[in-house]
There are 2 protein chains.
Amino acid sequence: MSLEKLTRRSWKVLWWKQIMILKYTEIMIYYPVFGDRQDQYLQSCVSEKKDVEGLCHKYIYNMYHNVRFLDDPVAEKKCIIPCTPLAVVKVLEYVGVYNKILEYGNRLHGRTITIVNRSEVVGRPLAALLANDGAKVYSVDIDNVQEFSRGDGLKLSRYHAADTTFKLEDVLPLSDVVITGVPSPNFKVDTSLLKEGCIAVNFSSAKNFNPDVRDRASLYVPSIGKITIMMLERNLLRLHDYYST
Amino acid sequence: MSLEKLTRRSWKVLWWKQIMILKYTEIMIYYPVFGDRQDQYLQSCVSEKKDVEGLCHKYIYNMYHNVRFLDDPVAEKKCIIPCTPLAVVKVLEYVGVYNKILEYGNRLHGRTITIVNRSEVVGRPLAALLANDGAKVYSVDIDNVQEFSRGDGLKLSRYHAADTTFKLEDVLPLSDVVITGVPSPNFKVDTSLLKEGCIAVNFSSAKNFNPDVRDRASLYVPSIGKITIMMLERNLLRLHDYYST
């Protein structure tokens, strides 16, 4: 493993000649680089064979479109999923939110989940992943609340998102799981609005739940950083497995 | 195993002399015998050491009071639980309603469950069992809807029951699990009132759900008779294990 510190000027040359094509088998970029839309362009410059972060267009497209395998219909190579959303999924699997007796792909059927964050990096992909797995997801940002779901009886093959007139305080009492990722210590979920026995998960570096959340939630996951790192390693091993020979 | 057919007149003598004390190691009575309160008296005549049905006063008392072991604090001998309610519990464990990551005794925390039946044989003990395990239970009969729960944060050590002003149509859309036991083919749960992705369980010999329940529920358990028989065998083995030496 090696860390390359590139100046913005040296970027292009190094990028194409050394990094993308020759030198490294896997690549991770420490964002933000430009801090604007160019970063999204950079994400898609990373070859899908080297993209441990799962941020290139193909992986993002597949995730939103509920395409789970790179090699349908053989279905042996699962797509790479961005690390932080994947870490939340793995946490939810571990804490029993996924119902293992249901069919793979539908294991969140019947769960109502609120996600407070709709960033392109975590909140929106996470809402899509959970809705694609069968949940009814309320995706909350500063402007509004959207509902992501596969409809009645999961009749849609991938999620559909729609604006609602709900506010955060309307959806919290309905939610079996509340996931927060607001990067501010001033934002706190009002514990009294949580459904008794819900599961609370925070992926922000700030603490978005008050300490009394433990009195109301059946489970509280205060951070997921270590699982995110584990998912990065998982993606690394998958790519090595898929493409090293 | 042997079947004794007793006349009502011969009952008392045979009961005490032969059955209770001497002849059999385990006893099961095919109710109704008198079809009135005398049956409840008979239930409690069965020694706790022979009571495979779990209907004697001690087991019923322990169940309602959330006393789980016969030998606290050693806690090696679990109490005998009546077969049909226990069968429903086992079904709910199997289909993922119990969250195994939560502490034993609290594994239904966060689940809302409606039971349409409040008989002394199944509905009420089942409501107590599920509420003692942490669920919020709506117990519905022809007169009203009662709520059984251990309160906010499961702060009560055993369930508390309270009358509500809800009707069946109010609680169905809130319920993660709907359990029915109405002994009439005319009673049907309105599928459109069920929560998307709920789990539907019928223990009545009549079908209390319409066929379209499968379009809305994530899982549908149409009957539990075979599990009930299995629980009877389980109780038999437990009693043999506890008292045969």
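Residues numbered from 1 in each chain as written. Chains lettered and ligands numbered in written order. Predicted model: local features only at pLDDT ≥ 70, side-chain atom pairs only at ≥ 80, totals over all residues. Heavy atoms only, no water.

- Per an unreviewed UniProt entry, chain A goes by Methylenetetrahydrofolate dehydrogenase [NAD(+)] and derives from Entomophthora muscae.

### What about the confidence of the model for chain A?
- With 92% of its residues at a pLDDT of 70 or more, chain A shows a mean pLDDT of 91.
- If you check the scores for this complex, the pTM reads 0.86 and the ipTM reads 0.79. (pLDDT = per-residue confidence, 0-100.)

### Points about the interface of chain A and chain B
- With 24 residues of chain A at the interface, the matching set in chain B holds 24 residues.
- Note on chain A versus chain B: buried area summed over both sides is about 1700 Å², and carbon and sulfur give 50% of it.
- Taken as a group, Ile101, His109 and Glu196 of chain A account for 29% of the area that chain A buries against chain B, more than any other trio of residues on that side.
- Where chain A packs against chain B, one counts seven residue pairs in polar contact (both at pLDDT 80 or more).
- Of the residues assigned to the side of chain A that touches chain B, the class counts are eight nonpolar, nine polar and seven charged. (Contact = heavy atoms within 4.5 Å. Buried area = accessible area lost by both parts, 1.4 Å probe. Polar contact = N/O pair within 3.5 Å; in protein donor to acceptor, adjacent residues only side chain to side chain. Nonpolar A, V, L, I, M, F, W, Y, C, P; charged D, E, K, R; others polar.)

### Some remarks on the sheet that holds strand E5 (residues 177–180) of chain B
Residue and element names in this part refer to chain B.
- What the seven strands build is an open sheet, ordered E4-E3-E2-E1-E5-E6-E7; its pairing is mixed. Each edge of the open sheet carries a strand with a single partner, namely strand E4 (160–163) and strand E7 (219–221). Pairs of neighbouring strands in the sheet enclose a mean axial angle of 15°, with direction left out of account.
- Bridging between strand E6 (residues 199–202) and E7 involves three bridges; their strand directions are parallel. Bridged to Ala200 within E7 is Tyr220.
- Here helix H4 (residues 83–94) sits on the sheet and contacts strand E1 (112–116), E5, E6 and E7; the angle it forms with E5, its principal contact strand, is near 150°. (Pairing = 2+ DSSP bridges. Helix = DSSP H or I, 4+ residues; strand = E, 2+ residues; numbered from the N terminus. Axes fitted to C-alpha atoms, helices over the stretch in contact; angles between N-to-C directions.)

### Considerations on the layout of surface pockets
Residue and element names in this part refer to chain A.
- Here the largest pocket is characterised by a volume of approximately 1300 Å³.
- Along its surface, the largest pocket is lined by 41 residues, and Tyr31, Leu55, Thr84, Val121 and Val122 are the ones closest to its centre.
- Only helix H2 (37–45), helix H3 (57–64), helix H4 (83–94), helix H5 (123–132) and helix H8 (225–243) provide two or more residues apiece to the lining of the largest pocket.
- Here the lining of the largest pocket takes five residues from H2, the largest share from any one element.
- Taken together, the residues of the lining of the largest pocket sort by class into 21 nonpolar, 14 polar and six charged. (1 Å grid on protein atoms, 1.4 Å probe; cavity = no way out; pocket = protein on both sides within 12 Å on 5 of 7 lines; lining within 4 Å. Points joined across faces, edges and corners; volume = space filled by probe spheres on them.)

### With respect to the packing of aromatic side chains
Residues and elements named next belong to chain A.
- A full pass over the atoms with the stated rule returns 10 aromatic pairs over all chains.
- Measuring from centroid to centroid gives 5.2 Å for Phe148 and Tyr159, while their planes differ by 15°, and the two rings are stacked. Of the two residues, Phe148 is situated in strand E3 (residues 145–149) and Tyr159 in the loop between E3 and strand E4 (160–163); the sequence distance between them amounts to 11 residues.
- Residue classification places Phe148 among the buried residues on the basis of a relative accessible area of 1%. (Phe/Tyr/Trp six-rings, centres within 6.5 Å; stacked < 30°, edge-to-face > 60°. Buried < 20%, exposed > 50% of the residue type's maximum accessible area, 1.4 Å probe, protein only.)

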